[in-house]
Structure formats: structure tokens, C-alpha cells
Amino acid sequence: MQPDPEDASPAATSGPAGATLPDEEALLRVRGLQKIYPADAGPVEAIRDLTFDLGRGELTCLVGPSGSGKTTLLKCIAGLMSTSDGDVALGGKTITGPPKNMAVVFQEYGRSLFPWLRVGANVELPLKNAGTPRARRKELVDEALEAVGLEHVHKSYPWQLSGGMQQRVAIARAIAYQPEVLLMDEPFAAVDAQTRADLEDLIRSVWKKLGVTILFVTHDIDESVYLGQRVIMLSSSPTVIQDDIAIDLPAERTQLETRSDPRFTELRHHVYEQIQQAKQGFRPRGA
Ligand code: ADP
Ligand code: MG
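What counts as what
Residues numbered from 1 in each chain as written. Chains lettered and ligands numbered in written order. Predicted model: local features only at pLDDT ≥ 70, side-chain atom pairs only at ≥ 80, totals over all residues. Heavy atoms only, no water. Helix = DSSP H or I, 4+ residues; strand = E, 2+ residues; numbered from the N terminus. Near = heavy atom within 4 Å. Polar contact = N/O pair within 3.5 Å; in protein donor to acceptor, adjacent residues only side chain to side chain. Areas by Shrake-Rupley, 256 points an atom, 1.4 Å probe, with all protein chains shown as cover. Nonpolar A, V, L, I, M, F, W, Y, C, P; charged D, E, K, R; others polar. UniProt positions renumbered as here; feature names shortened; annotations may be inferred. Core = buried A, V, L, I, M, F, W, Y, C linked by side-chain atoms within 4.5 Å. Buried < 20%, exposed > 50% of the residue type's maximum accessible area, 1.4 Å probe, protein only. Phe/Tyr/Trp six-rings, centres within 6.5 Å; stacked < 30°, edge-to-face > 60°. Salt bridge = Lys/Arg side-chain N within 4 Å of Asp/Glu carboxyl O.

Thoughts on unusual backbone geometry
Note that the residue after S237, namely P238, is joined by a cis bond; omega there is -5 degrees. Along the chain, the position of P238 falls in the loop between β9 (230-234) and β10 (239-246). The backbone of Q178 sits at a positive phi, close to 50 degrees, despite the residue not being glycine. Structurally, the position occupied by Q178 is in the loop between α5 (163-176) and β7 (181-185).

Set out below in C-alpha cells:
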């Protein structure tokens, strides 16, 4: 029997918007999250209603138009900001402040590293704060710098490094901390294209090696498809989930081969269309 051509279409991989998982598979649960900012000119409803789960060890990308509440969502998940309604839970426990087993990498690497601390000391700082013993700290810092290919700049200051290298230091700092969940907010938006491609591959290799659960926010559609096992698309503000698709590309990905795979083109096309619809205010059924 011929396979149904529908099976190969990107839409066939779409889960219901905001797919949820059984308890034993879900590490992070977002339920009915709403965020309204108070403002002088009247309240701003940045996020209307988000429900989704992140599976343990999953690498999920989140894309949405600028202003769709991606940073707001990450701050709520990271426990840096309260929600107006709904609930975010990690391992079954509602998040009320920054969870111990979570790390965040922000876009602005220039402001996220301490200029007066050497690279090694920057990476070590969260471990010191967590009370990790000195010998173990040294091991973790060395391993993390090696994982991002920066063992040779241990003693340099951040301002002596290029932008891409500084962002690798920020990634090393996050992974040295051995988080269960790693949140990344458009971390490669400010680096050149070649560095960006290298950093994308670095994230996939770190993810495979450490088995960490990653939520990677980007406005770059190609990046989301290349990196993710799954892509969640947000509508424009007030935000709901526009679509949620599985990326069924091979696990071994390379910039040249994966990006020239016809399936890659199909998937990016699908994500592009959804984002265009989101920008034009088309909302998924039931939202
Ligand atoms: P994104 O990261 O997707 O670009 P943001 O989460 O930064 O989106 O912003 C979502 C919406 O919330 C935007 O309309 C933005 O103007 C608004 N917003 C973000 N932060 C604040 C704030 N502190 N006070 C008021 N409105 C805010
Ligand atoms: Mg943002």
C-alpha cells in the first residue's frame, strides 16, 4: 500500500496546541499561564493563556514574533517574575522563586558576565554560591570550559574575548552548574552567522552529552527547526500557542546536510507560515 501523502506533511507532525504529557514524562508543566503587566497607559496583557509540558531531556525551541511574550514566559518559568494567573511547576512543585536546578542564558552576554572576574571565576561563581566544595568546583569549571572549547581562556577577562566566546563562557557557566533545565533567551541573536552556526552545534552536543532539558527561545525560524526536537510557535500578543510540532529530522544533524534536507525545508516552511499567520492575527481554533 502506498503511504498516505498526508503522513509526510508537516501538519501530520503537529500535536494539539500545547500538548501535555503523562506525569512521569513531564519535567516542567505550564498551565493556563497568563501575564498582565500593569502600566500607566493601562494594563498590557502580554500572555493570555499558555499550556504545555516539557518532557525530561527534551530540546524544545520556542519561536514567536517580537513582542509575543517569549522573554516574559522565560522569566515566569525561571521564577524571576510572578504570573497573573495559571501555574508553572517543575518536577511537580509550583515555582515561586528561582529554582535551584535551573539555569538561564540571556541574549546580552556582554552584561551577563562580571568584567572584573576572570573567565574561570565567572564560571565558578554560581557553584560558590551553591556551596559546592572547592575541589569539585575546579573539576566542574574545567569540564564546562572544555565542553565549550575554551579551556585555554580560563585566566582571561571576558572583555578580552570576542562576542561568540563570551557567549560560550555564559553557556559554560550554565552547564557547570549542572542544571536539570536550561532556559536560553535568544542567546545567539548578537553574533555573526558563522559563530552562530558553531554555537548551535555546541548546544546540540552539550544537550546530547548532558541529557539536560532545554527550552531555547529564538525568533529565527531556521534555527528553531535545526536545533529542536520540537518547536512551539507563539501567536502575537496577547499570546496563545499557535502550533506545536515534532521535528522529525535525524538526531545527527550537520549544518550542511540537515539544512539541505527536503524535510528541513518543509518544516521551516510550515513554521514560517504559522508565524506569518500569527503576525496577521490569525489564531488557532479554540483560542
Ligand atoms: P518578546 O521577548 O517575545 O519579544 P516580551 O516578553 O519582551 O516579548 O514582551 C511581551 C509584551 O509585554 C510586549 O508587548 C512588551 O512591550 C510587554 N512588556 C514586556 N515587559 C514589560 C514590562 N516590564 N512592563 C510592561 N510591559 C512589558
Ligand atoms: Mg525577548
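Right, picking up where we left off after that structure.
Observations concerning the site of ligand 1
Every residue near ligand 1 is listed here: Y37, A46, P65, S66, G67, S68, G69, K70, T71 and T72. In this structure, an oxygen atom belonging to ligand 1 sits 2.5 Å away from a side-chain N or O atom of T72. Protein contact buries 60% of the 570 Å² of open area that ligand 1 shows by itself. It is helix α1 (residues 70-77) that provides the largest number of residues to the shell around ligand 1, a total of 3 residues. Looking at side-chain class alone, the shell around ligand 1 contains 3 nonpolar, 6 polar and 1 charged residues.

What to know about the UniProt feature "domain: ABC transporter" (unreviewed entry) in the chain
Under the UniProt annotation, "domain: ABC transporter" (unreviewed entry) lies at residues 28-261. Span residues 28-261 is 35% helix and 27% strand, its end C-alpha atoms 31 Å apart.

A few points about the nonpolar core
Grouped burial of nonpolar side chains is what soluble globular proteins tend to show. If you look at the biggest cluster of nonpolar residues, it comprises 50 residues, and the most contacted ones within it are I171, L182, M184, I214, V231 and V271. Looking at this core element by element, the count peaks at 7 residues for α5. In terms of nonpolar packing, the next biggest core, distinct from the first, is built from 27 residues, C76, M81, L90 and L183 among them.

Some thoughts on the packing of aromatic side chains
Following the criterion strictly, the structure yields 3 aromatic pairs and no others. Summarising the aromatic geometry, the rings of Y157 and W159 are spaced 5.4 Å apart at their centres and angled 10 degrees between planes, so their arrangement reads as stacked. Taking the relative accessible area as the measure of exposure, W159 reaches 55% and is therefore exposed. With 5.5 Å between their ring centres and 55 degrees between their planes, F188 and F216 make a pair best called tilted.

Looking at the pattern of salt bridges
Within this structure, the stated rule accounts for 19 salt bridges. With a closest N to O distance of 4.0 Å, K70 and E186 form a salt bridge. Of the two residues, K70 sits in helix α1 while E186 sits in the loop between β7 and α6 (193-210), which places them 116 residues apart along the sequence. Both residues of the pair, K70 and E186, count as buried. The partner of D222 in a salt bridge is R268, and the shortest N-O contact between them spans 2.8 Å. Here D222, found in helix α7 (residues 221-227), pairs with R268, found in helix α9 (residues 262-279); they are 46 residues apart in sequence, far enough to count as distant.

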